Amino acid sequence: MTNTIAVVDDDAVTRETLKAYFEDEGFSVLLAGNAAEFTALRAEHRIDIALLDIRLPDKDGLTVTRELRPVSDIGIVLITGRSDNLDRIIGLELGADDYIKKPFEPREVLARVRNLLRRIEDKRPDHDDRRKRFGQWTLYLDRRRLVRADGTDVHLTTAEFDILAILVCNPGKILARDYILEVTARRKADSQDRTIDTLVRRLRRILEDDPKTPKLIVTVHGGGYMFAEDVT
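Residues numbered from 1 in each chain as written. Predicted model: local features only at pLDDT ≥ 70, side-chain atom pairs only at ≥ 80, totals over all residues. Heavy atoms only, no water.

(A) View of the pairing of strand 4 (residues 75–80). Burial within strand 4 is extensive, with six of its six residues counted as buried. Pairing analysis gives five bridges linking strand 3 (residues 49–53) to strand 4, with the strands arranged parallel. Bridge pairing links I49 to G75 in strand 4. As defined by bridge partners, strand 4 adjoins strand 5 (residues 98–101) across four bridges and the pair is classed as parallel. Each bridged residue has a counterpart across the sheet, and for V77 the counterpart in strand 5 is D98. (Buried < 20%, exposed > 50% of the residue type's maximum accessible area, 1.4 Å probe, protein only. Helix = DSSP H or I, 4+ residues; strand = E, 2+ residues; numbered from the N terminus. Pairing = 2+ DSSP bridges.)

The structure is reproduced here in structure tokens:
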């Protein structure tokens, strides 16, 4: 099946450059110059991943991410021209899966997209129900579902699920931030990369009774993170 990428950017050169590159790699590519055009595309096409510029003329990419994430599992890669980390941190908190800074190499964008696609799996009824139970939660690894004890499904982004899965599968083990990022996102972290911290904060807001005093995902200062609950 051909994967479909939406390039949402008000710069025509950026759109056409990415379109040509991804089409050469066998992708189907849709283009939008603003948020309204992107909304129209989503109504008519199945889109796997959106390359979403943060600075759009009608509605910024952060707002688009916030509105889209509760209703869609589409992969979101934010594109930012700013050199500071604020937009990227906010974007991750709102539900983006990854981010890329301008100027970028198309090859890097391709690598990020392929990595994200590998992490996105459809819910398949023929999957074995590999599951991990902890507290009031059940995590279905193959179906990529998080379910409360009352049977309610809880939405997780691709990045959130991947991090929770690696923690739950290694209870009682201290996992370094760099290791978690490398395993889940398949890329190296730099000294300013706060991706894992941001995603852990999001998971704590979902899982913990008191996110400020976490009991499931605990911080080990100088070490990383540890899943402290018994898992069956």
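(B) Broad picture of the packing of aromatic side chains. In the structure shown here, the tally under the stated rule is three aromatic pairs. Here the aromatic residues Y21, F22 and F27 are joined through ring pairs into a cluster of three or more. Positioned over the ring face of F38 is R42, at 5.5 Å from the centre of the ring. (Phe/Tyr/Trp six-rings, centres within 6.5 Å; stacked < 30°, edge-to-face > 60°. Lys NZ or Arg CZ within 6 Å of the ring centre and 35° of its normal.)

(C) Spatial organisation of helix 5 (residues 106–119). Taking 1.5 Å per residue as the helical rise, helix 5 with its 14 residues ought to reach 20 Å, and the 20 Å between its terminal C-alpha atoms agrees with that figure. Three or more residues of helix 5 are buried, namely P106, V109, L110, R112, V113, N115, L116, L117 and R119. (Expected span 1.5 Å × (residues − 1).)

(D) How the structure looks around the pattern of salt bridges. Applying the stated criterion across every chain yields a total of 16 salt bridges. E93 is the partner of R201 in a salt bridge, and the nearest nitrogen-oxygen pair spans 3.3 Å. Residue R201 is located in helix 8 (residues 195–207), and its partner E93 is located in helix 4 (residues 86–94); the two are separated by 108 residues in the primary sequence. Residue R201 is classed as partly exposed on the basis of its relative accessible area of 34%. Given the relative accessible area of 31%, E93 is considered partly exposed. D162 is paired through a salt bridge with R119; the nearest N and O atoms lie 2.8 Å apart. Placement of the pair is D162 in helix 6 (residues 158–168) and R119 in helix 5, with a sequence separation of 43 residues. (Salt bridge = Lys/Arg side-chain N within 4 Å of Asp/Glu carboxyl O.)

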